[in-house]
Amino acid sequence: KIQKQMGLSYRAEVPLVWEEEFDEFILDDMEELLIKADLGVNTASAIVDKLRSGQKLKPSQVKEYLKSEFSTILQNAGSNALSYKDGELNIYFIVGVNGAGKTTLIGKLAHRFKLQGKKVLVAAGDTFRAAAEEQLNIWSERAGAQIVRNDGADPASVVFDAIKKAKSENFDVVLVDTAGRLQNKLNLM
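Notes on the structure follow.

**A short note on the nonpolar core**
Considering soluble globular proteins, one finds that nonpolar side chains tend to be buried as a cluster. If you look at the biggest cluster of nonpolar residues, it comprises 14 residues, and the most contacted ones within it are Ala 110, Phe 113, Val 120 and Leu 175. Per element, the largest residue contribution to this core is 4 residues, and it comes from helix H7 (residues 102-115). Non-local contacts of Val 120, meaning those with residues more than four positions away in its chain, are made with Ala 110, Phe 113, Lys 114, Ala 145, Gln 146, Phe 171, Val 173 and Leu 175.

Structural data, given as structure tokens:
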């Protein structure tokens with residue numbers, strides 16, 4: 001509106017240099033945005049460092065560049081299949097943010113492993129969330145898995161007891177429920 005009142009067109013106000021190159025401030029902002037989007041510090045830095053180290057792009061090419069980088073990262077990520085070894089105790093820690101569905105996933109995994117004839121033990125390591133142990137107990141019963149819980153206890157002691165039980169009673173799988181945590185909170189993880 002102001003541009004029209006001043007008799008300027010949009011193109012007349014946009015410097016042509018902006019379309020040709022990025023400065024360090026723009027790259028820093030891009031890196032910050034990628035980190036805020038929960039891409040991860042290392043991944044965000046690597047993507048932006050490619051631009052810093054000589055790969056010249058116009059701003060209009062950024063969207064395609066990011067799509068390409070994300071596709072490459074995902075293609076090189078490897079398999080998402082569960083790693084299971086016969087004849088060994090397989091322990092899976094289920095981690096993630098609050099409300100992501102960790103407890104529900106444990107119920108589904110327990111059911112899947114039971115259908116495969118595995119002996120499954122669930123460890124109620126989320127001793128902080130109200131009724132977490134109750135919910136996990138319901139899922140364990142539905143799946144036909146056993147559960148180790150000690151409401152309000154230290155999560156590490158619950159996991160220790162579960163692994164001890166699993167080893168002494170020849171379980172195939174231990175599924176550990178954990179309190180919701182962000183992956184970048186290393187001290188809590």
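**Looking at the sheet that holds strand E2 (residues 120-124)**
Sheet strands pair via backbone hydrogen bonds, and the direction of the pair is either parallel or antiparallel. Spatially, the 4 strands line up as an open sheet ordered E1-E4-E2-E3, and their pairing is parallel. In this open sheet, the two strands that pair with only one neighbour each are strand E1 (90-94) and strand E3 (146-148). Strand after strand, the sheet turns through a mean of 20° between neighbouring axes, direction not considered.

**Topic: the environment of Ala 143**
Mapping Ala 143 onto the fold places it in helix H8 (residues 132-143). Measuring from C-alpha to C-alpha, the distance between Ala 143 and Ala 110 comes to 5.8 Å, with 33 residues separating the pair along the chain. If we ignore the near neighbours within four places in the chain, the residues touching Ala 143 are Gly 107, Ala 110, His 111 and Lys 114.

**Details of helix H9 (residues 155-168)**
Its 14 residues place the ends of H9 20 Å apart at the C-alpha level, agreeing with the 20 Å of an ideal helix rising 1.5 Å per residue. Looking at H9, one finds that the buried residues are Pro 155, Val 158, Val 159, Ala 162, Ile 163 and Ala 166. End-on, the buried residues of H9 take up no more than an arc of 130°, which puts them together on one face. Along H9, exposed side chains directed more than 90 degrees from the buried face belong to Ala 156, Phe 160, Lys 164, Lys 167 and Ser 168. In this fold, the buried residues of H9 make contact with E1, E2, E3 and strand E4 (173-177). Positive backbone phi, at 55°, marks Asn 170, one or two positions downstream of H9.

**Considerations on the packing of aromatic side chains**
The tally for this structure, following the rule as stated, stands at 2 aromatic pairs. The interplanar angle of 35° and the centroid separation of 5.9 Å between the aromatic rings of Tyr 84 and Phe 113 together place this pair among those described as tilted. One end of the pair, Tyr 84, is in the loop between helix H6 (62-75) and E1; the other, Phe 113, is in helix H7, and 29 residues separate them in sequence. Residue Tyr 84 is classed as partly exposed on the basis of its relative accessible area of 24%. The interplanar angle of 20° and the centroid separation of 5.7 Å between the aromatic rings of Tyr 92 and Phe 113 together place this pair among those described as stacked.

**A word on the pairing of E1**
Going residue by residue along E1, you find Asn 90, Tyr 92 and Ile 94 tucked away on one face and Ile 91 and Phe 93 left uncovered on the opposite face. Here E1 runs beside E4; their pairing, made up of 5 bridges, is parallel. The residue bridging Phe 93 from the neighbouring strand is Val 176, located in E4.

Reading the values: the criteria
- Residues numbered from 1 in each chain as written.
- Predicted model: local features only at pLDDT ≥ 70, side-chain atom pairs only at ≥ 80, totals over all residues.
- Heavy atoms only, no water.
- Core = buried A, V, L, I, M, F, W, Y, C linked by side-chain atoms within 4.5 Å.
- Buried < 20%, exposed > 50% of the residue type's maximum accessible area, 1.4 Å probe, protein only.
- Helix = DSSP H or I, 4+ residues; strand = E, 2+ residues; numbered from the N terminus.
- Contact = heavy atoms within 4.5 Å.
- Pairing = 2+ DSSP bridges.
- Axes fitted to C-alpha atoms, helices over the stretch in contact; angles between N-to-C directions.
- Expected span 1.5 Å × (residues − 1).
- Arc of directions from axis to C-beta.
- Phe/Tyr/Trp six-rings, centres within 6.5 Å; stacked < 30°, edge-to-face > 60°.

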